Amino acid sequence: MVLILAYATDADAQSDLKTYDIAQVYEAVEMENGSKSIDSYGNVEEVKTVLTPTRFDEGKYSVELTRVDTNFYKIEGTSMYIETRYCYEYAYRDDAILILDSYYGYTKGEVAFLE
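Residues numbered from 1 in each chain as written. Predicted model: local features only at pLDDT ≥ 70, side-chain atom pairs only at ≥ 80, totals over all residues. Heavy atoms only, no water.

Novice: Tell me about the packing of aromatic side chains, and please be specific about residues and values.
Specialist: Applying the stated criterion to the full structure yields 5 aromatic pairs. A network of ring pairs unites the aromatic residues Tyr-20, Tyr-73 and Phe-113 as a single cluster. Lying over the aromatic face of Tyr-103, Arg-55 brings its terminal NZ or CZ to 3.8 Å of the ring centre. (Phe/Tyr/Trp six-rings, centres within 6.5 Å; stacked < 30°, edge-to-face > 60°. Lys NZ or Arg CZ within 6 Å of the ring centre and 35° of its normal.)

Below you can see the structure in the form of structure tokens.
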């Protein structure tokens, strides 16, 4: 999957921001009504959306993020989500910079929320 977003250009302003690790980038897949899933404990639950790991274009992006759960943020205007590590920002369409630099490993990149 290709991530298409506006390229961020103000590198000097970004260097002073607190950053958080991005653990994974996901694409949302909407399920049909009545779809079920089995969680890791064997519990069956109804499911609306499934987040699947996805490929992305490496680069620096200016985005709007909304927090959907602990360490999960939706990239507004897309079907993409990011999973962070130790990020406690309560964002609702907050401007942010994504730096995506690796498909593999513990960290896929960083996110910085603009103030």
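Novice: Tell me what's going on with the nonpolar core, and back it up with residues and numbers.
Specialist: The biggest cluster of nonpolar side chains holds 18 residues, and the ones touching the most others in it are Leu-65, Ile-82, Leu-98, Val-111 and Phe-113. Those elements that provide at least two residues to this core are β2 (19–30), β6 (59–69), β7 (72–75), β8 (80–84), β9 (94–100) and β10 (109–113). Not counting residues within four places of it along the chain, the set of residues in contact with Leu-65 comprises Tyr-73, Lys-74, Ile-75, Ile-82, Ala-91, Tyr-92, Arg-93, Asp-94, Ala-96, Val-111 and Phe-113. (Core = buried A, V, L, I, M, F, W, Y, C linked by side-chain atoms within 4.5 Å. Buried < 20%, exposed > 50% of the residue type's maximum accessible area, 1.4 Å probe, protein only. Helix = DSSP H or I, 4+ residues; strand = E, 2+ residues; numbered from the N terminus. Contact = heavy atoms within 4.5 Å.)

Novice: Describe unusual backbone geometry, listing the residues and the values that go with them.
Specialist: Notably, Asn-71 is not glycine yet its phi reads approximately 65°, a positive angle. Its place among the elements puts Asn-71 in the loop between β6 and β7. For Tyr-86, which is not glycine, the phi dihedral falls at a positive 55°. When you line up the elements, Tyr-86 lands in the loop between β8 and β9.

Novice: Could you give an account of the pattern of salt bridges, with specific residues and numbers?
Specialist: One side chain can pair with another of opposite charge once the charged atoms of both are near each other. Applying the stated criterion across every chain, the model contains 2 salt bridges. The closest approach of N and O atoms between Glu-64 and Arg-93, which form a salt bridge, is 2.9 Å. Taken together, the residues span a long stretch of sequence, with Glu-64 in strand β6 and Arg-93 in the loop between β8 and β9 at a distance of 29 residues. The partner of Glu-76 in a salt bridge is Arg-93, and the shortest N-O contact between them spans 3.1 Å. Separated by 17 residues along the polypeptide, Glu-76 in the loop between β7 and β8 and Arg-93 in the loop between β8 and β9 bring together distant segments of the chain. A relative accessible area of 41% places Arg-93 in the partly exposed class. (Salt bridge = Lys/Arg side-chain N within 4 Å of Asp/Glu carboxyl O.)

Coordinates in, geometry out; function isn't part of it.
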